[in-house]
Amino acid sequence: MDYQPIDEQLLDVVSQTFKALSDPTRIKILHLLFHKECSVNEIAERLEMHQSTISHQLKYLKQLRLVKNRREKTTYYYSPDDYHVMNVLEQTIEHTKHTK
């Protein structure tokens, strides 16, 4: 396979994705959503964090298309939008467990 340089736009998106995965709060949210679709309130309760913090992080993750939402009446439920990234995250978590 020949080496193909990464174009600048793709490089920027990859960098933003790793930046998103570098934040402990976002890792917690993504890890939870990998296992279960949740509302903002449910995420806040399970992670023992403020709803406003969760909402802010979900907005950031949604902009990067790492999470998506669906509406049911007045409640939004969040789930992963990109299982490639979620699998990288889960594999990294498992790798880290084995290196301890």
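About the criteria used
Residues numbered from 1 in each chain as written. Predicted model: local features only at pLDDT ≥ 70, side-chain atom pairs only at ≥ 80, totals over all residues. Heavy atoms only, no water. Helix = DSSP H or I, 4+ residues; strand = E, 2+ residues; numbered from the N terminus. Buried < 20%, exposed > 50% of the residue type's maximum accessible area, 1.4 Å probe, protein only. Lys, Arg positive; Asp, Glu negative; His and termini not counted. Charge placed at Lys NZ, Arg CZ, Asp CG, Glu CD. Pairing = 2+ DSSP bridges. Core = buried A, V, L, I, M, F, W, Y, C linked by side-chain atoms within 4.5 Å. Contact = heavy atoms within 4.5 Å.

Draft legend 1. Seen up close, the overall build of the chain. Across its full length, the chain holds five helices and three strands. Mapped from its N terminus to its C terminus, the chain presents α and β elements in the order α-α-β-α-α-β-β-α. Taking the principal axes of its C-alpha atoms as reference, the chain extends roughly 50 × 35 × 20 Å. Within the chain, the proportion of its 100 residues that are buried is 30%. Within the chain, one finds 14 positive and 14 negative side-chain charges whose respective centroids are separated by 8 Å.

Draft legend 2. Region of interest: the sheet that holds strand 1 (residues 38-39). With antiparallel pairing, three strands are arranged side by side in an open sheet as 1-3-2. The outermost strands of the open sheet, each flanked by one partner alone, are strand 1 and strand 2 (67-72). For strand 2 and strand 3 (residues 75-80), the ladder comprises six bridges, and the chain directions are antiparallel. Among the inter-strand pairings, E72 is bridged to a residue of strand 3, identified as T75.

Draft legend 3. Structural context of the nonpolar core. Within the largest apolar cluster, 21 residues are counted, with the highest numbers of intra-cluster contacts made by I29, L30, L33, I43, I54 and L58. Elements represented by at least two residues in this core include exactly helix 2 (24-35), helix 3 (40-47), helix 4 (51-63) and helix 5 (83-98). Excluding residues that lie within four positions of it along the chain, I29 makes contacts with I43, L47, I54, Q57, L58 and L61.

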